[in-house]
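As a plain string of letters, each chain reads:
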Amino acid sequence: MRLDRETARRIAVRAAGLDEHRPPDAVAMVRELVSLRVELTSILCPSADHIAYTRLGPSHRPVHLERALTDGRLFERGWLLHPMEDLPLFLAGMRTWLDRDGGRRWVDANAAFRQGILDRIADEGPLTSREIPDEAIVPWESSGWTQDRNVTTMLDIMHMTGDLAVVGRVGRFRVWDLAERVYPADAVEVPWDEARRRRAEQVLRASGVIRDSVTSAPGELHTMPTVGEPVEIEGVPGRWRVDAEALASAHEPFAGRTAILSPFDRLVFDRTRAEALWGFEYGVDMYKPASRRRWGPFALAVLHEERLVGKVDARADRASGEFVVNAVHEDEPFTASMTEAVHDELDGFAAWLGLRIA
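For clarity, every value in this text was computed on a predicted model and none was experimentally measured. (Residues numbered from 1 in each chain as written. Predicted model: local features only at pLDDT ≥ 70, side-chain atom pairs only at ≥ 80, totals over all residues. Heavy atoms only, no water.)

Considerations on the nonpolar core
At step 1: Leu36, Leu65, Ile117, Ile121 and Leu164 are the most contacted members of the largest nonpolar core, which totals 38 residues.
At step 2: With six residues, helix 8 (residues 150–160) is the single largest residue contributor to this core.
At step 3: If sequence neighbours within four positions are ignored, Ile117 has contacts with Ile132, Met154, Leu155, Met158 and Leu164.
At step 4: Residues Ala8, Ala12, Leu261 and Leu308 belong to the second largest nonpolar core, which totals 31 residues. (Core = buried A, V, L, I, M, F, W, Y, C linked by side-chain atoms within 4.5 Å. Buried < 20%, exposed > 50% of the residue type's maximum accessible area, 1.4 Å probe, protein only. Helix = DSSP H or I, 4+ residues; strand = E, 2+ residues; numbered from the N terminus. Contact = heavy atoms within 4.5 Å.)

Below, the structure written as structure tokens:
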């Protein structure tokens, strides 16, 4: 089967919830997106809230996601929020995670440390890492930033193995509770292979169209089973796969809009897909020297209808109360109506953040 590029783009935009459709609330939005990335970036705002704003508009408030996590409608795993009803698809992975990750020897060597964390949270209630003493016998060794960060490493491991659950945040610190007090007791584990297939189908449904060569979905699936329908896209190299339901409705009327996207948005997170399907070169250069940055340290992708048309270099200066727009980079010349739409989006985003455009 062959698709023209415009149709493939519209499938992707519609699947990502960036057409005129607006979900009724934050939890419904997460269900549609399958997962919501949690990156506590301070350049503008946390990624989860930025992504939610682009779908829900100014009615979204950060407290809506916080409450959904606290009251058990959402759960967090690996810096992604998921609907709680999807928990059974993760239980097999939790049970086997330690052996697949290779950390069992370190955890076994620190069995008393691990048990002490469980006992402390059981007795005192939810805690942050700052409230848990480092009682590791064997320090965690790493060539990266986690070197000797024994408490946070053990908490992360216990999170991934399903012993602990995130129930909120105090500033940038996650609040941990026993998973047995958070996760539904009647959740039934879905077998590993079936769970992987169903999660892959979810990722495809929320993406619309993916590269056939994709073997993993970062943060979501380490190995990506083959799902969906094979397609070729005119003028786009490689083989692709498309969600069957999206394909069936591909030629229904499409109504797009203009949106300023987080770098962690599902539509642009796969940079290779963005370049192949949209001809859109993109990246975040915040860790590069200023002289090597192409579009600023934290470029925001500009979506207009079904096209990715530019980048915005912006930041929130909360000390001055200003939303600073350093540059708007046009990948294609903006028409007058596109320019107006982009400015309207920036004005609305700034107002939602409680800032004024500088």
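There is more to say, and it comes next.
Some thoughts on the pairing of strand 3 (residues 74–77)
At step 1: By the alternation rule, side chains of strand 3 split into Leu74 and Glu76 and Phe75 and Arg77, which are all buried.
At step 2: Two strands pair when backbone bridges link them, and strand 3 and strand 4 (residues 80–83) are joined in this way by four bridges, in the antiparallel orientation. Bridged to Phe75 within strand 4 is His82.
At step 3: From the end of strand 3 to the start of strand 4, which pair antiparallel, there are two residues, and Gly78 there has a positive phi angle of about 60°. (Pairing = 2+ DSSP bridges.)

Things to note about the environment of Arg22
At step 1: Mapped onto the secondary structure, Arg22 falls in the loop between helix 1 (5–15) and helix 2 (26–33).
At step 2: The partly exposed category is assigned to Arg22, whose relative accessible area is 40%.
At step 3: Put simply, Arg22 and Ser320 are 298 residues apart on the chain and 32 Å apart in space, counted from C-alpha to C-alpha.
At step 4: Looking at Arg22, its side chain comes within polar contact range of the main-chain oxygen of Arg55, at 3.0 Å. (Polar contact = N/O pair within 3.5 Å; in protein donor to acceptor, adjacent residues only side chain to side chain.)

Functional significance is not addressed by these values, which are geometric in nature.
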